[in-house]
Amino acid sequence: EKSTVTTDNNSACTDGCVKLPNPHLSTLDHDALFHIQVPLHDTDTLKDFSKIKFVCIGGTPGRMKLLAQKLARELNLTKCQDNSKEDNFDYAFTTERYSGFKVGPVFCVNHGIGQPSVAVVLHEVFKLLQAAGCSNVTLIRIGTCGGIGLEPGTTVITSGVLTAGFKEVYVTSALGRPLELPVKVDPELVREISSCASDNGNLDLKVKVGKTFCAEDFYQSQGRLDGSFCDYSKEDQICFLNKLQSSGVCNIEMESAAVLALAHKVQIRAAVICVVIVNRLKCDLPSLTAEEMSQIESYPLELVTRYIKRHFSKG
Ligand code: R2B
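Definitions and limits used
Residues numbered from 1 in each chain as written. Predicted model: local features only at pLDDT ≥ 70, side-chain atom pairs only at ≥ 80, totals over all residues. Heavy atoms only, no water. Axes fitted to C-alpha atoms, helices over the stretch in contact; angles between N-to-C directions. Helix = DSSP H or I, 4+ residues; strand = E, 2+ residues; numbered from the N terminus. Parallel < 35°, antiparallel > 145°, perpendicular 65-115°, else oblique. Left-handed = near helix turned anticlockwise from the far one by under 90°. Contact = heavy atoms within 4.5 Å. 1 Å grid on protein atoms, 1.4 Å probe; cavity = no way out; pocket = protein on both sides within 12 Å on 5 of 7 lines; lining within 4 Å. Points joined across faces, edges and corners; volume = space filled by probe spheres on them. Nonpolar A, V, L, I, M, F, W, Y, C, P; charged D, E, K, R; others polar. Near = heavy atom within 4 Å. Polar contact = N/O pair within 3.5 Å; in protein donor to acceptor, adjacent residues only side chain to side chain. Areas by Shrake-Rupley, 256 points an atom, 1.4 Å probe, with all protein chains shown as cover. Expected span 1.5 Å × (residues − 1). Buried < 20%, exposed > 50% of the residue type's maximum accessible area, 1.4 Å probe, protein only. Pairing = 2+ DSSP bridges.

## A closer look at the packing of helix α3 (residues 115-132) against helix α6 (residues 256-265)
Thought 1: Relative to each other, α3 and α6 sit at 25 degrees, their axes nearing to 9 Å. In this view, α3 runs roughly parallel relative to α6, as classed from their interaxial angle. Crossing of α3 against α6: the hand is right-handed. Contacts between α3 and α6 involve Gln115, Val118, Ala119, Leu122 and Phe126 from the former and Ala257, Ala258, Val259, Leu262 and Ala263 from the latter.

So, in C-alpha coordinates, the structure goes:
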(Lines give C-alpha, C1' and ligand atoms only; values in the text may rest on other atoms or scores of the structure.)
Protein backbone atom coordinates (compact mmCIF):
# COMPACT_ATOMS: atom_id res chain seq x y z
CA GLU A 1 0.00 0.00 0.00
CA LYS A 2 1.77 3.13 -1.22
CA SER A 3 -0.58 6.03 -0.62
CA THR A 4 0.14 8.29 2.30
CA VAL A 5 -2.56 10.50 3.72
CA THR A 6 -1.54 13.73 5.42
CA THR A 7 -4.21 15.37 7.52
CA ASP A 8 -4.18 18.54 9.56
CA ASN A 9 -7.92 19.08 9.95
CA ASN A 10 -7.94 20.12 13.56
CA SER A 11 -11.17 21.29 15.08
CA ALA A 12 -11.12 24.95 16.05
CA CYS A 13 -11.34 25.28 19.82
CA THR A 14 -11.38 28.91 20.77
CA ASP A 15 -12.38 28.65 24.46
CA GLY A 16 -9.57 26.28 25.41
CA CYS A 17 -11.97 23.36 26.03
CA VAL A 18 -10.76 19.96 24.97
CA LYS A 19 -12.92 19.19 21.94
CA LEU A 20 -11.97 16.04 20.08
CA PRO A 21 -12.24 15.92 16.29
CA ASN A 22 -14.00 12.53 16.22
CA PRO A 23 -17.66 12.74 15.15
CA HIS A 24 -18.29 9.09 16.09
CA LEU A 25 -17.70 9.57 19.82
CA SER A 26 -21.08 11.20 20.43
CA THR A 27 -22.91 8.38 18.63
CA LEU A 28 -21.43 5.43 20.55
CA ASP A 29 -23.85 3.30 22.65
CA HIS A 30 -21.09 2.42 25.05
CA ASP A 31 -17.64 3.90 25.52
CA ALA A 32 -14.86 3.12 28.00
CA LEU A 33 -11.13 3.59 28.42
CA PHE A 34 -9.66 0.19 27.69
CA HIS A 35 -6.10 0.72 29.00
CA ILE A 36 -6.17 3.49 31.55
CA GLN A 37 -8.31 2.76 34.52
CA VAL A 38 -10.50 5.81 34.96
CA PRO A 39 -14.29 5.37 34.71
CA LEU A 40 -15.48 7.46 31.80
CA HIS A 41 -19.05 7.82 33.10
CA ASP A 42 -18.61 8.31 36.83
CA THR A 43 -19.75 11.87 37.48
CA ASP A 44 -17.83 12.31 40.75
CA THR A 45 -14.57 11.15 39.19
CA LEU A 46 -15.13 13.31 36.12
CA LYS A 47 -15.86 16.31 38.31
CA ASP A 48 -12.54 15.76 40.06
CA PHE A 49 -10.72 15.39 36.72
CA SER A 50 -12.36 18.53 35.29
CA LYS A 51 -9.75 20.64 37.15
CA ILE A 52 -6.81 19.00 35.37
CA LYS A 53 -4.48 21.57 33.80
CA PHE A 54 -1.39 19.43 33.27
CA VAL A 55 -0.94 15.88 32.06
CA CYS A 56 2.59 14.59 32.61
CA ILE A 57 3.61 11.40 30.86
CA GLY A 58 6.80 9.35 31.02
CA GLY A 59 7.97 5.82 30.36
CA THR A 60 7.84 4.09 33.72
CA PRO A 61 5.18 3.91 36.46
CA GLY A 62 7.85 4.47 39.14
CA ARG A 63 9.04 7.74 37.64
CA MET A 64 5.48 9.04 37.26
CA LYS A 65 4.70 8.15 40.84
CA LEU A 66 7.83 9.99 42.01
CA LEU A 67 6.73 13.02 40.01
CA ALA A 68 3.22 12.91 41.49
CA GLN A 69 4.68 12.70 45.01
CA LYS A 70 7.07 15.57 44.32
CA LEU A 71 4.25 17.73 42.91
CA ALA A 72 2.01 16.98 45.88
CA ARG A 73 4.81 18.18 48.19
CA GLU A 74 5.88 21.21 46.20
CA LEU A 75 2.42 22.44 45.25
CA ASN A 76 1.37 22.05 48.88
CA LEU A 77 -1.55 19.84 48.00
CA THR A 78 -2.41 19.05 51.59
CA LYS A 79 -5.06 16.51 50.62
CA CYS A 80 -2.24 14.48 49.11
CA GLN A 81 0.15 14.84 52.02
CA ASP A 82 -1.36 12.71 54.73
CA ASN A 83 1.84 11.02 55.91
CA SER A 84 -0.12 8.19 57.50
CA LYS A 85 -0.84 6.91 53.99
CA GLU A 86 2.04 5.80 51.84
CA ASP A 87 0.60 6.82 48.48
CA ASN A 88 -1.91 9.43 49.15
CA PHE A 89 -3.00 10.60 45.72
CA ASP A 90 -6.47 11.91 45.10
CA TYR A 91 -6.88 9.32 42.36
CA ALA A 92 -4.57 6.49 41.34
CA PHE A 93 -4.70 3.31 39.30
CA THR A 94 -2.25 0.55 38.51
CA THR A 95 -2.79 -2.05 35.82
CA GLU A 96 -0.31 -4.52 34.40
CA ARG A 97 0.51 -2.06 31.62
CA TYR A 98 -0.08 1.49 32.82
CA SER A 99 -0.32 3.44 36.07
CA GLY A 100 -1.73 6.88 36.76
CA PHE A 101 -1.59 9.26 39.72
CA LYS A 102 -3.68 12.40 40.08
CA VAL A 103 -2.54 15.17 42.38
CA GLY A 104 -4.81 18.19 42.30
CA PRO A 105 -4.65 19.73 38.82
CA VAL A 106 -1.98 17.34 37.53
CA PHE A 107 -2.45 13.83 36.16
CA CYS A 108 0.74 11.75 35.82
CA VAL A 109 0.58 8.61 33.66
CA ASN A 110 3.23 6.26 32.35
CA HIS A 111 3.33 5.43 28.65
CA GLY A 112 5.72 2.49 28.22
CA ILE A 113 8.23 2.41 25.37
CA GLY A 114 7.69 3.68 21.85
CA GLN A 115 5.13 5.49 19.76
CA PRO A 116 2.43 2.78 19.54
CA SER A 117 2.35 2.53 23.33
CA VAL A 118 2.23 6.28 23.95
CA ALA A 119 -0.40 6.73 21.23
CA VAL A 120 -2.79 4.32 22.98
CA VAL A 121 -2.39 6.15 26.28
CA LEU A 122 -2.86 9.56 24.65
CA HIS A 123 -6.06 8.61 22.81
CA GLU A 124 -7.54 7.58 26.15
CA VAL A 125 -6.19 10.53 28.14
CA PHE A 126 -7.63 12.93 25.53
CA LYS A 127 -11.02 11.20 25.74
CA LEU A 128 -10.91 11.49 29.52
CA LEU A 129 -10.08 15.21 29.31
CA GLN A 130 -13.01 15.80 26.99
CA ALA A 131 -15.44 13.73 29.09
CA ALA A 132 -14.38 15.66 32.19
CA GLY A 133 -14.85 19.00 30.41
CA CYS A 134 -11.22 20.10 30.90
CA SER A 135 -9.89 23.30 29.41
CA ASN A 136 -6.46 24.84 28.76
CA VAL A 137 -4.57 21.64 29.39
CA THR A 138 -0.82 21.28 28.79
CA LEU A 139 0.76 17.89 28.09
CA ILE A 140 4.41 17.31 29.00
CA ARG A 141 6.44 14.18 28.33
CA ILE A 142 9.46 13.66 30.55
CA GLY A 143 12.01 10.97 29.84
CA THR A 144 15.54 9.90 29.07
CA CYS A 145 17.42 10.03 25.77
CA GLY A 146 20.72 9.58 24.01
CA GLY A 147 22.59 12.84 23.43
CA ILE A 148 24.22 13.85 20.17
CA GLY A 149 27.37 15.58 21.39
CA LEU A 150 25.76 16.22 24.78
CA GLU A 151 26.98 14.70 28.02
CA PRO A 152 24.82 12.80 30.55
CA GLY A 153 22.85 15.18 32.76
CA THR A 154 21.96 17.71 30.04
CA THR A 155 18.19 18.19 29.85
CA VAL A 156 16.90 18.66 26.31
CA ILE A 157 13.66 20.46 25.47
CA THR A 158 12.53 19.44 22.00
CA SER A 159 12.29 22.30 19.47
CA GLY A 160 11.51 20.10 16.46
CA VAL A 161 11.38 16.40 15.60
CA LEU A 162 12.81 14.34 12.78
CA THR A 163 11.78 10.75 12.15
CA ALA A 164 13.15 8.06 9.83
CA GLY A 165 13.63 9.60 6.39
CA PHE A 166 14.67 12.83 8.14
CA LYS A 167 11.15 14.22 7.83
CA GLU A 168 9.23 16.23 10.42
CA VAL A 169 6.27 13.84 10.54
CA TYR A 170 4.81 11.17 12.77
CA VAL A 171 4.16 8.11 10.64
CA THR A 172 1.30 5.86 11.70
CA SER A 173 -1.52 4.21 9.73
CA ALA A 174 -5.29 4.20 9.25
CA LEU A 175 -7.31 1.51 7.49
CA GLY A 176 -4.10 -0.22 6.47
CA ARG A 177 -2.79 2.90 4.75
CA PRO A 178 0.30 4.78 5.97
CA LEU A 179 -0.72 8.04 7.60
CA GLU A 180 1.57 10.99 8.19
CA LEU A 181 0.66 13.58 10.81
CA PRO A 182 2.57 16.84 11.17
CA VAL A 183 4.66 17.24 14.30
CA LYS A 184 4.22 20.70 15.80
CA VAL A 185 6.19 22.27 18.61
CA ASP A 186 4.85 25.19 20.65
CA PRO A 187 7.86 27.58 20.73
CA GLU A 188 6.32 29.71 23.49
CA LEU A 189 5.91 26.67 25.74
CA VAL A 190 9.51 25.63 25.01
CA ARG A 191 10.69 29.12 26.00
CA GLU A 192 8.58 29.13 29.17
CA ILE A 193 9.92 25.74 30.28
CA SER A 194 13.55 26.52 29.46
CA SER A 195 13.34 29.75 31.44
CA CYS A 196 12.74 27.64 34.58
CA ALA A 197 16.25 26.13 34.38
CA SER A 198 17.58 28.42 37.10
CA ASP A 199 14.39 28.99 39.13
CA ASN A 200 15.80 27.22 42.15
CA GLY A 201 19.01 28.65 43.60
CA ASN A 202 20.20 25.22 44.73
CA LEU A 203 20.34 23.53 41.39
CA ASP A 204 20.98 25.14 38.02
CA LEU A 205 19.80 22.64 35.46
CA LYS A 206 21.83 22.39 32.28
CA VAL A 207 19.11 22.82 29.67
CA LYS A 208 19.50 22.69 25.90
CA VAL A 209 16.76 23.46 23.39
CA GLY A 210 17.18 21.47 20.18
CA LYS A 211 15.84 19.01 17.67
CA THR A 212 15.02 15.43 18.59
CA PHE A 213 15.31 12.36 16.40
CA CYS A 214 12.39 10.05 17.22
CA ALA A 215 13.26 6.41 16.51
CA GLU A 216 11.01 3.32 16.23
CA ASP A 217 13.40 1.06 18.04
CA PHE A 218 16.21 1.21 20.59
CA TYR A 219 18.79 -0.56 18.42
CA GLN A 220 19.02 -0.27 14.61
CA SER A 221 16.71 2.75 14.36
CA GLN A 222 19.07 4.59 16.70
CA GLY A 223 22.18 3.38 14.87
CA ARG A 224 23.38 1.14 17.68
CA LEU A 225 25.79 -1.71 16.99
CA ASP A 226 24.74 -3.85 19.96
CA GLY A 227 21.33 -5.23 18.94
CA SER A 228 20.76 -8.94 18.29
CA PHE A 229 21.57 -8.27 14.64
CA CYS A 230 23.03 -5.31 12.82
CA ASP A 231 22.96 -4.81 9.07
CA TYR A 232 25.43 -1.94 8.82
CA SER A 233 29.06 -1.12 9.62
CA LYS A 234 30.69 1.05 12.29
CA GLU A 235 31.39 3.59 9.50
CA ASP A 236 27.68 3.65 8.59
CA GLN A 237 26.87 4.29 12.25
CA ILE A 238 29.28 7.23 12.45
CA CYS A 239 27.89 8.62 9.21
CA PHE A 240 24.30 8.42 10.61
CA LEU A 241 25.17 10.08 13.91
CA ASN A 242 27.11 12.83 12.10
CA LYS A 243 24.14 13.39 9.79
CA LEU A 244 21.90 13.79 12.83
CA GLN A 245 24.29 16.33 14.27
CA SER A 246 24.56 18.30 11.05
CA SER A 247 20.74 18.32 10.83
CA GLY A 248 20.64 20.10 14.20
CA VAL A 249 19.56 17.04 16.18
CA CYS A 250 20.81 16.99 19.76
CA ASN A 251 19.04 13.94 21.15
CA ILE A 252 17.36 10.63 20.26
CA GLU A 253 14.36 9.06 21.94
CA MET A 254 11.29 7.06 20.95
CA GLU A 255 8.04 8.93 21.59
CA SER A 256 8.34 12.67 20.79
CA ALA A 257 6.86 12.58 17.26
CA ALA A 258 3.69 10.78 18.36
CA VAL A 259 3.28 12.99 21.44
CA LEU A 260 3.64 16.28 19.55
CA ALA A 261 1.63 15.19 16.51
CA LEU A 262 -1.28 13.70 18.47
CA ALA A 263 -1.45 16.68 20.84
CA HIS A 264 -1.48 19.03 17.85
CA LYS A 265 -4.25 16.98 16.24
CA VAL A 266 -6.51 17.60 19.26
CA GLN A 267 -5.24 21.15 19.88
CA ILE A 268 -3.55 20.52 23.22
CA ARG A 269 -0.30 22.35 24.05
CA ALA A 270 2.55 19.88 24.43
CA ALA A 271 6.27 19.67 25.09
CA VAL A 272 8.93 17.00 25.45
CA ILE A 273 11.71 17.17 28.06
CA CYS A 274 14.34 14.41 28.12
CA VAL A 275 17.58 14.09 30.00
CA VAL A 276 20.69 12.70 28.29
CA ILE A 277 21.96 9.44 29.80
CA VAL A 278 24.64 8.68 27.19
CA ASN A 279 26.53 10.72 24.59
CA ARG A 280 25.90 8.67 21.46
CA LEU A 281 28.89 10.25 19.69
CA LYS A 282 31.04 8.39 22.22
CA CYS A 283 29.25 5.10 22.91
CA ASP A 284 26.03 3.09 22.61
CA LEU A 285 25.35 2.16 26.23
CA PRO A 286 25.11 4.40 29.29
CA SER A 287 27.84 3.72 31.86
CA LEU A 288 26.34 5.52 34.85
CA THR A 289 26.10 4.01 38.31
CA ALA A 290 22.59 3.39 39.64
CA GLU A 291 23.01 6.39 41.91
CA GLU A 292 24.12 8.68 39.07
CA MET A 293 21.27 7.42 36.92
CA SER A 294 18.62 8.18 39.50
CA GLN A 295 20.13 11.62 40.11
CA ILE A 296 20.15 12.43 36.40
CA GLU A 297 16.67 10.99 35.84
CA SER A 298 15.33 13.44 38.41
CA TYR A 299 16.27 16.52 36.31
CA PRO A 300 13.23 16.49 33.96
CA LEU A 301 11.01 15.95 37.03
CA GLU A 302 12.62 18.99 38.65
CA LEU A 303 12.21 21.13 35.53
CA VAL A 304 8.57 20.21 34.98
CA THR A 305 7.82 20.78 38.68
CA ARG A 306 9.37 24.25 38.54
CA TYR A 307 7.30 25.04 35.45
CA ILE A 308 4.03 23.84 36.98
CA LYS A 309 4.77 25.63 40.26
CA ARG A 310 5.50 28.85 38.41
CA HIS A 311 2.25 28.46 36.46
CA PHE A 312 0.16 28.17 39.61
CA SER A 313 2.04 30.84 41.53
CA LYS A 314 1.04 33.32 38.80
CA GLY A 315 -2.57 32.49 39.73
C1 R2B B 1 13.96 6.53 26.07
O2 R2B B 1 14.22 5.44 26.82
C3 R2B B 1 13.36 4.37 26.43
C4 R2B B 1 14.14 3.23 25.86
O5 R2B B 1 15.04 2.69 26.81
C6 R2B B 1 12.39 4.98 25.45
O7 R2B B 1 11.08 5.08 25.96
C8 R2B B 1 12.92 6.31 25.25
O9 R2B B 1 12.34 7.18 24.44
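## Here we look at the layout of surface pockets
Here the idea is plain: a probe the size of a water molecule rolls over the atoms and shows the empty space left.
Thought 1: Estimated volume of the largest pocket: approximately 580 Å³.
Thought 2: At the level of secondary structure, the elements contributing two or more residues to the lining of the largest pocket comprise α3, β8 (169-174), β9 (177-182) and α6.
Thought 3: Classifying every residue of the lining of the largest pocket by side-chain character gives 12 nonpolar, 7 polar and 2 charged.
Thought 4: Its boundaries defined by the atoms lining it, the second largest pocket holds a volume of some 370 Å³.
Thought 5: Along its surface, the second largest pocket is lined by 22 residues, and Arg63, Ile113, Thr144, Phe218 and Glu255 are the ones closest to its centre.
Thought 6: Of all the secondary-structure elements, those providing two or more residues to the lining of the second largest pocket are β6 (138-147), β11 (249-253), β12 (269-279) and α7 (290-313).

## Describing the site of the ligand
Thought 1: Contacts to the ligand come from Ile113, Arg141, Thr144, Phe218, Glu253, Met254 and Glu255.
Thought 2: In the model, an oxygen atom of the ligand is placed 3.4 Å from a nitrogen or oxygen of the Thr144 side chain.
Thought 3: At 2.8 Å, a backbone N or O of Met254 approaches an oxygen atom of the ligand.
Thought 4: Here the ligand, which alone exposes 260 Å², has 77% of that area covered by the protein.

## Description of α3
Thought 1: With 18 residues, α3 should cover 26 Å at 1.5 Å per step; its first-to-last C-alpha distance of 25 Å lies within 8% of that length.
Thought 2: For α3, a buried count of 13 out of 18 residues is recorded, marking the element as mostly surrounded by other parts of the structure.
Thought 3: One or two residues past the end of α3 sits Gly133, with phi positive at roughly 75 degrees.

## Remarks on the environment of Asn88
Thought 1: Relative to the helices and strands, Asn88 is located in the loop between α2 (61-74) and β3 (91-94).
Thought 2: The buried category is assigned to Asn88, whose relative accessible area is 13%.
Thought 3: Each C-alpha atom of the pair Asn88 and Glu151 lies 36 Å from the other, and the pair is 63 residues apart in sequence.

## As for the environment of Val121
Thought 1: Structurally, Val121 is set in helix α3.
Thought 2: The class of Val121 is buried, set by a relative accessible area of 1%.
Thought 3: A C-alpha to C-alpha distance of 26 Å links Val121 and Glu74, two positions 47 residues apart in sequence.

## A few points about the pairing of β9
Thought 1: Note that β8 and β9 share 6 bridges and pair antiparallel. Bridged to Val169 within β9 is Pro182.

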